[in-house]
There are 2 protein chains.
Amino acid sequence: MNTSTAAAENAAEEAAAAADGVETREPAEGADGIEAGVLAVADAARTASRRLARATRARKDAALEEIARRVLAGQDRILAANAQDLEAGRSNGTSAALLDRLTLTPERIGGLADALKMLAGLPDPVGTVARGQTLPNGLRLRQVHVPLGVVAAIYEARPNVTVDIAGLALKSGNAVILRGGSAAGRTNAVLVEIIRDALEAAGLPADAVQSIDQYGRSGANVLMKARGKVDVLIPRGGRDLIQTVVANAAVPVIETGEGNVHIYLDASAPAEMAVPILLNAKTQRPSVCNTVETLLLHRDAAAAPDVLAALAGAGVRLHVDGRVAALLPDGVESVPASEEDWGREYMDLDLAVAMVDDMDEALEHIRRWSTGHTEAILTNDLAQAERFIAEIDSAAVIVNASTRFTDGGQFGLGAEVGISTQKMHARGPMGLTELTTTKWIVQGDGHVRS
Amino acid sequence: MNTSTAAAENAAEEAAAAADGVETREPAEGADGIEAGVLAVADAARTASRRLARATRARKDAALEEIARRVLAGQDRILAANAQDLEAGRSNGTSAALLDRLTLTPERIGGLADALKMLAGLPDPVGTVARGQTLPNGLRLRQVHVPLGVVAAIYEARPNVTVDIAGLALKSGNAVILRGGSAAGRTNAVLVEIIRDALEAAGLPADAVQSIDQYGRSGANVLMKARGKVDVLIPRGGRDLIQTVVANAAVPVIETGEGNVHIYLDASAPAEMAVPILLNAKTQRPSVCNTVETLLLHRDAAAAPDVLAALAGAGVRLHVDGRVAALLPDGVESVPASEEDWGREYMDLDLAVAMVDDMDEALEHIRRWSTGHTEAILTNDLAQAERFIAEIDSAAVIVNASTRFTDGGQFGLGAEVGISTQKMHARGPMGLTELTTTKWIVQGDGHVRS
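Keep in mind the model is a prediction, meaning the values are calculated, not measured. All chains use their own residue numbering, which begins from 1 and follows the written sequence. Throughout, the order in which chains and ligands are written sets their labels, letters from A for the former and numbers from 1 for the latter. The predicted origin of the model limits local features to residues at a pLDDT of at least 70 and limits the giving and counting of side-chain atom pairs to 80 or more, whereas totals for whole chains, interfaces and linings rest on all residues.

(A) Spotlight on the overall build of chain A. Assigned secondary structure in chain A consists of 16 helices and 16 strands. Principal axes of the C-alpha set define a box for chain A whose edges measure 70 × 65 × 45 Å. C-beta atoms are first placed from the backbone for all residues, and any pair lying within 7 Å is then listed as a contact. A separation threshold of at least 6 residues defines the contact pool for chain A, and within that pool the share at least 24 residues apart is 74%. The helix and strand labels rest on DSSP assignments: H or I over at least four residues marks a helix, E over at least two residues marks a strand, and numbering proceeds from the N terminus.

(B) Quick look at the interface of chain B and chain A. Listed by partner, the interface residues are 51 residues for chain B and 51 residues for chain A. Every element with two or more residues in the side of chain B that touches chain A is listed here: α11 (271-283), α16 (382-391), β13 (396-401) and β16 (436-447) of chain B. In terms of residues, the side of chain B that touches chain A owes the most to one element, β16(B), which gives 11 residues. Class assignment for the residues of the side of chain B that touches chain A results in 24 nonpolar, 18 polar and nine charged. One ladder, built from five bridges, connects strand β16 (residues 436-447) of chain A with β13(B); its direction is parallel. Across the sheet, residue Gln443(A) finds its bridge partner in β13(B), namely Val399(B). Classification used: nonpolar for Ala, Val, Leu, Ile, Met, Phe, Trp, Tyr, Cys and Pro, charged for Asp, Glu, Lys and Arg, polar for all others including Gly. A pair of strands counts as paired when DSSP detects no fewer than two bridges linking them.

(C) Region of the structure containing helix α6 (residues 106-121) of chain A. Residues and elements named next belong to chain A. The span you would expect from a helix comes to 1.5 Å times its residue count less one. Here α6 contains 16 residues, and its C-alpha end-to-end distance of 23 Å stays within 8% of the 22 Å for a straight helix at 1.5 Å per residue. Three exposure classes are used. Buried residues have 20 or more other C-beta atoms within 10 Å of their own C-beta, exposed residues have 12 or fewer, and partly exposed residues fall in between, all C-beta atoms being placed from the backbone. Those residues of α6 that fall on the buried side of the exposure criterion are Ile 109, Leu 112, Ala 113, Leu 116, Leu 119 and Ala 120. For α6, the angular spread of the buried residues around the axis is 115 degrees, confining them to a single face. When the buried face of α6 is taken as reference, the exposed residues oriented beyond 90 degrees from it are Glu 107, Asp 114 and Gly 121. On its buried face, α6 is in contact with α3 (57-73), α4 (75-91) and α7 (159-171). Regarding the arc, it is the one traced by the directions from the helix axis to the C-beta atoms.

(D) Up close: the packing of helix α3 (residues 57-73) of chain B against helix α7 (residues 159-171) of chain B. All names here are of chain B. Running from amino to carboxyl end, α3 crosses α7 at an angle of 160 degrees, the nearest separation of the two axes being 9 Å. With respect to α7, the axis of α3 lies roughly antiparallel. In this structure, α3 crosses over α7, and the sense of that crossing is right-handed. In this structure, α3 contributes Lys 60, Ala 63, Leu 64 and Val 71 to the contact, and α7 contributes Val 163, Gly 167, Leu 170 and Lys 171. Considered class by class, the residues forming the contact of α3 with α7 number five nonpolar, one polar and two charged. Lines fitted to C-alpha atoms define the axes, with helix axes restricted to the stretch in contact, and inter-axis angles between N-to-C directions lie between 0 and 180 degrees. Angle categories: roughly parallel below 35 degrees, roughly antiparallel above 145, roughly perpendicular from 65 to 115, and oblique for all the rest. Helix crossings fall into two classes, left-handed where the near helix is turned counterclockwise from the far one by less than a right angle and right-handed where it is turned clockwise.

(E) How the structure looks around the relation of the copies chain B and chain A. It takes a turn of 180 degrees to lay chain B on chain A, together with a shift of 0.0 Å along the axis; the resulting RMSD is 0.0 Å. Here the copies are linked by what is in effect a two-fold axis. Relative to the rotation axis, the C-alpha of His425(B) is the closest in chain B, positioned 1.8 Å from it. Here 100% of the interface residues in chain B have copies in chain A that are interface residues too; the copies meet face to matching face. For this overlay, a least-squares fit was computed on C-alpha atoms, restricted to residues scoring pLDDT of at least 70 in both copies.

And the structure:
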C-alpha cells in the first residue's frame, strides 16, 4: 500500500468509525494480503459480470425470486446472527438510533423479500435501445444500454442495504462488491451467503455478489482506489461516509443523498396551500433526505404567521433569524438561528427560518447553502414560479408541492438506487437505467469511410 | 497549496512538458496568488454561467456567428501571434509534428470560422425534455436538459482547440475555463480576447470564456482540484496528458480519445470485403484515435494473406507474431512483435498482427489490451457476429465496416466534443447533449405526499 492510500485510510477510518459507532477489529492479514484479497474479489467480480451481462431477464428475475424465497426460509439464521450483532452493539454502547437501523425483524425481512419480488416485476434496462438510425450511407447504428460491469457499495450498519443493493445490481446485470458497516458483520455474512447460494441455484455465478467485510477498513480503502476494476462506487449513508468516499475514491463515485432542502414561501402563496405542504415536507418523515430543512419567507408573505404557528404546533423547533422572530404569532416558540443553521441537514423536527426581501435574496441564500438536492417555491405568481424553475440549479425544482415527492418511487422509476446530487451521469432519483452505460453497435456490409 | 497538491503538480508538470514539448515560465505570483487567481476565474465563470444558462438559442447562435466574423477579421493579429509562438518553438527545438499542430494558416482559420457557423446551425440541447409525464396524483413531471455550468479544458499546444471548445461550451450554455499548452500561449491569448469581445458585443458575459494560461502549470493543478467550482474537466490531447489529468483531478473528468483499436478477421470474411476495410481503417488517417492498431487473424482466415499483402503494399509496417510470420506471402516484409506491441497506440503506419485459434482467444486478447474505444469483427458468420457484439465491452462495436466510423460527425451527432472511453455519463462519440445535465421540474397545485 502506498503512502497516499495510507493517508486516505486514516480519513476513511474516522468516517467508518463514525458510521459504525463501534470499533472493529482489523483482519490478521498484513496490508499486502488485504490488497491482494480485495483485488482478487474484484477480478472474480469482473469475470462474473461477463456472464451476468449476457443473462436473460428471465434468468435474472428467477434469481431474484430465488433470493426472496431463501431470505424468507433463512429467517431464523438471519435473526440469530442479527441478535449477535445487536448484542455486541449494545455492549459497545451503540446508540439506540444506530441499533434500530441494525435491527432486522420478521416484518423487515418480509419487506426485503417483497422488494426483491417487486424488482423481478420491473422491466430490464439492459438491451434497451437509447437511440438508433440507419445512416445515409446505409450503416445501421444503435446505442444500447449495457450493464456498467462491477458496482461497489460502501454503506453503514444497515443490513437491509445488503439485500437492496444486491438486488438492484443483479437486475441491472452488474456484479456487486459489498462493504457494509462492521457492526452488521454477522448479519451481512449470513445474507451474502444466502444470496450467493440462490444465485448458484438459479444458474448464475455466485461471485456476482461478494462481500469484502472480512478485509476491514483497509479493504474499503483498496476498493476505493481500484481504478479499472470497479466501474462505479456508490456510498450509501450519512454525510460523513459520503464525503469521505468522495474525497478518497479514485474510482468513479455517484454521490447520493445529502439534502439541505429549501422551501421559498412567496408573498402570493395562500395559507391553505402553504400550511399543508410545510407540515408534510417537515413532519411526515423528518429523517430522510427530501425533508425540508430551511424555510425562506418573503417579507410580505401573508401565509407566514399561519405556517409558523402550524409548524410549532406540530412540534417543530423553529430556528429563526431576527426578522422572523419579530413576526412570530404570540405563543409560538423559537430559538435564534446562527449562521450554522443555514448549512445544517437536521434530519429531525427542526427547521431553520429566514426572511428575505425578494426572489433575488432567496436565490442567493439557496445558492450559498443548498446541497443541490431539492428546492421548492410556493407561489400563485406565474412569473415568480418560472424564474425559480429557471434559476435554481438543483436535481429537483418543485412548484406548489411537498419536497417529499423527490423520490424514485414517486417519480415512477420503479426502484430507487439513490438520489444523486451530482451533475454527471445521473441527477436526482436514480432508477435501474442509471446502473447501466451504453455501447454503440454499428453494422455494415463492407463500409469504408470516404 | 497542500502537500498532495504539490505531489500532483510534479506529475502534471511532467505531462505538461511532454505535451508542450517546450519549457514554460512560471508566473511571478507565489502559490497563494496563483490559487486565488484561478479560483477567482472559476467564481467569475460560475456567475457568467448563470446568465449563459438562461440565454436563448438565438442569442447564443448570434454570439457564435459574431465570434466567427471576428476570428476572420482578426486573422492578421492571430497569424502574427502564431508566428511568434512558432518562432519561439523553433528556437526551443520543438519537433516538426508539434510545430505543425501549433501552426495556424488562413485556411485553418477559415475552418475554425466554418465550424462555429456550423455549431450555430445545430439544435440547442438546453431545454430539451428527456422524459416527462403527469403522475397518477396529477403532479406534472419533466426531466429537462440544462447546462452543466462550468466546463474546463486542459489541452496541448493546438490553438484550434481553444476556438473549438469555446464554441461547444457556448452552444451548450456552459461557461468555460481554458488551459492550453503554453507553447501556443500568444496565439491563445489573442483568440481568447477576440472571443470575449465577441461575447460582449453579442450581449453575453465575456467571462463565459476565460483562460488561465497566465497561471502556468500550477494554475492547471489548482483547476484540477477545484471541487464544486468546476462541473466537468475535459482533457484533450495525448495519452500522457489524459492519464495525468485523470490521476490528479479531484473534479469530475471525462476521459477521451485513447484508442487501441482491434479488428478481428474471422475465418469466414471474404478478402474482397476485408482488404478495403483494413486499408481504410489503417491508412486513411493513421494519426487519429479510431484508426486500427491491432489485427487479430483467425488461424483459418482465408483472407489473411491478401490483407497482409495489401497493407504492406500500402506502406504499413507489420509487427507480427511467429504464427503470422509463417503465413506471410513472399515479398511481404514484417518485423517481429513483442508483447509491448499489443498495448501500443501507434497512431502511425504501423499495425500489430497476431494469430488466434478462435473467438475465445480473440476476445481474451481484446479484454487484455483494449482501451475500450472501438473493436470490429469482419465475418460472414451470423453467430460469430452476434457473439462479438454481445461480449465486447467497448464504446463502439462494429461489424463489417471500418473502425474509422466511430466519430460524432459520422454518427450524426452534429458536433463532437470528443470520444469518451469511460462508462459514466457518456460513452463513445459525445455530442452537445453530453455537455448538459438534467433537472427534474415538478409542478403541483398544493400536492402533499400521503
